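Topology and contacts: notes
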Amino acid sequence: MITPRPGRLTIAVVHPDLLGTYGDGGNGLILARRAAWRGLDVELLQAPSNEPLPRADLYTVGGGEDGPQVRAATTLIEEGILVEAVGDGAVVLGVCAGFQLLGRSFPDATGRPHEGLGLLDVTTTKGSGPRAVGELVASCAHDAPRMATGDHLPRLTGFENHGGVTSLGPGVRPLAHVEHGVGNGAGDQTEGAWSGRVLGTYLHGPVLARNTALADLLLGWALAPAGSPEATVAQLASLEDADEMSLRAERLEAMQRIRPARRLRRRTSPR
Ligand code: GLN
């Protein structure tokens, strides 16, 4: 069992003024609360785009519209602090626009590629089909990161709303496989990607409210003793999570009710 390192844990929500459209700022709050409930010393920072990014142990980057996404990426690339922090072992969660801008490139509002931070080997282009909007359920990939117990993460639930399609390169592994919804959308049924301690997903919700095991995985990475291998996850005291579990169950059950009807529609269609 790896016990959490002592000292203050700093969590920063990156550019909430640009990347706050989908409520992903809640992820920072959830991480901070889950650390505080365990008696850990934690500080939650909001890091607006007009100030230099503070150094933190764990960053969350949320979803947003195409224009603000370009502004956030441009600023983060120019100042270089996020890339430097990852080099020093910081953990990053990117959601949707935040996921896309951690990659190699993503489309601007006209569809032209714009440079990303290159922290994940993924490339996003504008999808040709309709925008992916709705509930998303995905089961964890075989080589998804493992929790402190060594077990796989439970199924992931959230909602998606994006026009981008993300292809994974050889430098990342998929986070999960789509059961319902679109996810990365590049035809391989994958959802999200991760490498080292950087993890991206299309799941809003906020994702960490509906998937507390993922929140604890990120905290466990950030609280691993200094110098631990990247895969080390500190073991945290368990929390009751009754409300979170009932939210999860409610969302997953709602999807189960929808799926038989969808299957029926497909079967009776001319194709
Ligand atoms: N603007 C991006 C897209 O449409 C990201 C959207 C989002 O963050 N939800 O693909």
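Quantities reported herein were computed from a predicted structural model and do not represent experimental measurements. (Residues numbered from 1 in each chain as written. Predicted model: local features only at pLDDT ≥ 70, side-chain atom pairs only at ≥ 80, totals over all residues. Heavy atoms only, no water.)

Observations regarding the site of the ligand
Threshold: The criterion for a residue being near a molecule or strand is simple. One of its heavy atoms has to lie within 4 Å of it. For the purposes of these results, a polar contact is taken to be a pair of N or O atoms within 3.5 Å, where, inside protein, one atom must be able to donate a hydrogen and its partner to accept one; residues adjacent in sequence count only when each atom of the pair is a side-chain atom. Shrake-Rupley sampling with a 1.4 Å probe provides the accessible areas, and residues are treated as covered by the protein chains on show and by no other component. Segments assigned H or I by DSSP are reported as helices when at least four residues long, segments assigned E as strands when at least two residues long, and all are numbered from the N terminus. Ten residue types, Ala, Val, Leu, Ile, Met, Phe, Trp, Tyr, Cys and Pro, are classed as nonpolar, four, Asp, Glu, Lys and Arg, as charged, and the remainder, Gly among them, as polar.
Inspection of the region around the ligand gives 15 residues, with Asp66, Cys96, Asn161, Gly163 and Gly164 positioned closest. Note that a nitrogen atom of the ligand is positioned 3.2 Å from one of the side-chain N or O atoms of Gln69. In the complex, the protein chains occlude 97% of the 300 Å² of accessible area that the ligand would expose alone. If you list the elements that add at least two residues to the shell around the ligand, you get helix 2 (66-79), helix 4 (97-102) and strand 9 (156-162). When its residues are assigned to classes, the shell around the ligand shows three nonpolar, nine polar and three charged.

A short note on the environment of Leu247
For the record, the criterion: Any two residues whose heavy atoms approach within 4.5 Å are treated as being in contact.
Note on placement: Leu247 falls in helix 7 (residues 242-268). Linking Leu247 and Leu120, residues 127 residues apart in sequence, is a C-alpha distance of 30 Å. Non-local contacts of Leu247, meaning those with residues more than four positions away in its chain, are made with Ala209 and Arg210.

Side note on unusual backbone geometry
With an omega of -5 degrees, the peptide bond running from Gly205 to Pro206 counts as cis. As for its position among the elements, Pro206 is in the loop between strand 13 (198-201) and helix 5 (207-210). For His15, which is not a glycine, the phi torsion comes out positive at approximately 50 degrees. Along the chain, His15 turns up in the loop between strand 1 (9-14) and helix 1 (26-37).

A short note on the environment of Thr232
One can find Thr232 in the loop between helix 6 (212-222) and helix 7. Counting along the chain gives 11 residues from Thr232 to Trp221, while the straight-line C-alpha distance between them is 6.2 Å.

Purely geometric stuff here, so don't read any function into it on its own.
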